[in-house]
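Commentary on secondary and tertiary structure
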Amino acid sequence: MEGIIRISSRLIGFHEGHNIRTYPIWQVENVHLSPGGGVVEVYLQHLKQPLVIIWPDFFECQAAS
């Protein structure tokens with residue numbers, strides 16, 4: 001899946017075209033970062049496997065308020 005990740009104080013969302021997957025932020029149990037490999041693993045309650053985000057240009061992410 002390739003798209004946009006949005007994180008707010010209430011939700012984490014993944015937007016790919018018309019597909020949107022959102023999870024309440026309180027379900028996030030842990031986040032593992034591997035900047036060298038450009039991998040982010042997000043561990044959520046009720047999911048057996050983490051959400052794995054591969055980010056080739058890891059240090060080129062943007063933040064907006």
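Everything that follows concerns the structure shown earlier in this document.
Notes on the structure follow. Along each chain, the written sequence defines residue order, and numbers are assigned to residues from 1. Only residues with pLDDT of 70 or above have their local features reported here, since the model is predicted, and side-chain atom pairs are shown and tallied only from 80 upward, although totals for entire chains, interfaces and linings are computed over all residues. Excluded from the side-chain calculations are hydrogens and water; all other atoms, namely the structure's heavy atoms, are used.

**Here we look at the nonpolar core**
The test is simple: Nine residue types can take part in a nonpolar core, namely buried Ala, Val, Leu, Ile, Met, Phe, Trp, Tyr and Cys, and a core is a set of them joined through side-chain atoms within 4.5 Å. Between buried and exposed lies partly exposed: a residue is buried under 20% and exposed over 50% of the maximum accessible area for its type, with that area taken using a 1.4 Å probe on protein chains only. Secondary structure is summarised from DSSP: a helix means a run of H or I of at least four residues, a strand means a run of E of at least two, and numbering begins at the N terminus for each. Here, two residues are considered to be in contact whenever any of their heavy atoms come within 4.5 Å of each other.
One finds Ile 12, Phe 14, Tyr 23, Val 40, Val 42, Leu 44, Leu 51 and Ile 53 forming the largest nonpolar core, which totals eight residues. Contributions of two or more residues to this core are made by strand 2 (11–16), strand 5 (39–44) and strand 6 (51–54). Apart from the residues lying within four places of it in its own chain, the contact partners of Tyr 23 are Arg 10, Leu 11, Ile 12, Phe 14, Leu 44, Leu 47 and Leu 51.

**What about the side chain of Gln 27?**
By the element assignment, Gln 27 lies in the loop between strand 3 (19–24) and strand 4 (28–34). Taking relative accessible area as the criterion, Gln 27 reaches 13% and is therefore assigned buried. Those residues in contact with Gln 27, other than ones at most four positions away along the chain, are Tyr 43, Leu 44, Gln 45 and His 46.

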